[in-house]
Amino acid sequence: MSRKPQPEGGQAPVVQRVRVRYAKRGPLRFTSHRDFARAFERALRRAAVPVAFSQGFTPHPKISYASAAPTGVASEAEYLEVGLQAVVDPEQLRAALDAALSPGLDVLDVVVAAGGSLAERIEASYWRIELPEVDPAVAQRAVSAFVAADEVQVERMTKQGRRTFDARGAVTRIDVLPPVETPSGAADSSCAILELVVRQVTPSVRPDDVLSGLRVVAALEPPVSPRVIRLAQGTLTAQGAIVDPLDADRDGAAIGER
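Residues numbered from 1 in each chain as written. Predicted model: local features only at pLDDT ≥ 70, side-chain atom pairs only at ≥ 80, totals over all residues. Heavy atoms only, no water.

**A closer look at helix α2 (residues 90–100)**
Line of reasoning, step 1. For α2, the full list of buried residues reads L93, R94, L97 and A100. Here the buried residues of α2 occupy an arc of 135° about the axis, which is enough to place them on one side. Exposed residues lying more than 90 degrees from the buried face of α2 are Q92 and A99.
Line of reasoning, step 2. If you follow the buried residues of α2, they end up packed against β1 (16–24), α1 (33–46) and β4 (105–112).
Line of reasoning, step 3. You can read the cap of α2 off the contacts: a side-chain oxygen lies 3.2 Å from the backbone nitrogen of E91, and it is on D89. (Buried < 20%, exposed > 50% of the residue type's maximum accessible area, 1.4 Å probe, protein only. Helix = DSSP H or I, 4+ residues; strand = E, 2+ residues; numbered from the N terminus. Arc of directions from axis to C-beta. Contact = heavy atoms within 4.5 Å. Polar contact = N/O pair within 3.5 Å; in protein donor to acceptor, adjacent residues only side chain to side chain.)

See the structure below:
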């Protein structure tokens, strides 16, 4: 069978690429990645953004997403890139997109892409996990056991079926924050708070995998569901800090050129 010829020159070329940082907050953290993608495409249309489209019989907007947080997890550091048919002002675009999205899906920053790959700039994520009704001292013992282990094997169901992998090797730092002081001056020990930095690996290690690892090494079983938020993601420095992947664009250079 002969194929129908593909339309020629049906779409305007990309003349500008912009990179967007957005947040998922409150109840909107339960928005799946697919639902967010649909909402973002609607927001582009409502804001009259001159987005570029792919060629062919079923053109798609030129949007690429980088390391989206799992459904149910809040985040202050989600990223995507959009190809545009016309040059726009980044701050005006940020304001227009933020107004077009529901509260809780908040556009925090927009920069013009200066080159390089956005995905290659995301090497690690910085997470905070709140464990209500868990004593910080109990959490500290579990974390100490986790850190002391050479590896911690956990299981998770994936699209390829149930997989077993090491949750320890990807964690570059994990700490238990000191108990919060109440206004009366007494320590509130009803909630343990973990902060951790996790490198991007394959298969990916998520906060729930780390919690599974704490259960494996120390039988830590939070009595209620944890609250998880991603605070940052980006390039991991030798000192263990995370650099915002948009910083290189603000500097006008690709990450490898600094």
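From this point on, the discussion continues.
**Focus: the pattern of salt bridges**
Line of reasoning, step 1. Under the definition given, this model contains 20 salt bridges.
Line of reasoning, step 2. Ionic pairing is found between E221 and R215, a salt bridge with its closest N-O pair at 3.6 Å.
Line of reasoning, step 3. Note that R250 and D247 form a salt bridge whose closest N and O atoms lie 2.6 Å from each other. Here D247 and R250 lie together in helix α5 (residues 247–250), a separation of three residues that amounts to about one turn.
Line of reasoning, step 4. Here R250 falls in the partly exposed class, since its relative accessible area comes to 39%.
Line of reasoning, step 5. Here D247 falls in the partly exposed class, since its relative accessible area comes to 26%. (Salt bridge = Lys/Arg side-chain N within 4 Å of Asp/Glu carboxyl O.)

**Concerning the nonpolar core**
Line of reasoning, step 1. L131, L194 and L214 are the most contacted members of the largest nonpolar core, which totals 29 residues.
Line of reasoning, step 2. If near-sequence neighbours (up to four positions away) are discounted, L214 is found in contact with A142, V143, F146, L194, A219 and L220. (Core = buried A, V, L, I, M, F, W, Y, C linked by side-chain atoms within 4.5 Å.)

**Comments concerning empty space enclosed by the protein**
Line of reasoning, step 1. Overall, the coordinates contain one cavity of 30 Å³ or more when judged by the stated rule.
Line of reasoning, step 2. By volume, the largest cavity is sized at about 30 Å³.
Line of reasoning, step 3. Lining the largest cavity are Y22, K24, S32, H33, F36, A68, A69 and E78.
Line of reasoning, step 4. Elements with a contribution of two residues or more to the lining of the largest cavity: β1 and α1.
Line of reasoning, step 5. A breakdown of the residues in the lining of the largest cavity according to their chemical character gives four nonpolar, two polar and two charged. (1 Å grid on protein atoms, 1.4 Å probe; cavity = no way out; pocket = protein on both sides within 12 Å on 5 of 7 lines; lining within 4 Å. Points joined across faces, edges and corners; volume = space filled by probe spheres on them. Nonpolar A, V, L, I, M, F, W, Y, C, P; charged D, E, K, R; others polar.)

**Some words on the pairing of strand β3 (residues 74–84)**
Line of reasoning, step 1. β3 sits mainly inside the fold: 11 of its 11 residues count as buried.
Line of reasoning, step 2. Both β1 and β3 contribute to a ladder of eight bridges, which runs antiparallel. Along β3, the bridge assignment pairs V18 with V82.
Line of reasoning, step 3. Of the strand pairs in this sheet, strand β2 (residues 63–66) and β3 are connected by four bridges, and their pairing is antiparallel. When the sheet's bridge partners are listed, Y65 is paired in β3 with L80.
Line of reasoning, step 4. Pairing geometry for β3 and strand β12 (residues 227–236), over two bridges, is parallel. Bridging from a neighbouring strand, A74 pairs with I229 of β12. (Pairing = 2+ DSSP bridges.)

**Overview of the packing of aromatic side chains**
Line of reasoning, step 1. Here the structure, examined in full by the defined rule, presents three aromatic pairs.
Line of reasoning, step 2. On the numbers, 5.8 Å between centres and 25° between planes, the contact of F36 with F40 is stacked. You can see F36 and its partner F40 sitting in helix α1, four residues apart, about one turn around the helix.
Line of reasoning, step 3. Accessibility expressed as a relative area gives 2% for F36, which makes it buried.
Line of reasoning, step 4. Taking 6.3 Å as the distance between ring centres and 80° as the angle between the ring planes, the aromatic pair formed by F36 and Y65 counts as edge-to-face. In this pair, F36 is assigned in helix α1 and Y65 in strand β2, connecting sequence segments 29 residues apart.
Line of reasoning, step 5. We classify Y65 as partly exposed; its relative accessible area is 27%. (Phe/Tyr/Trp six-rings, centres within 6.5 Å; stacked < 30°, edge-to-face > 60°.)

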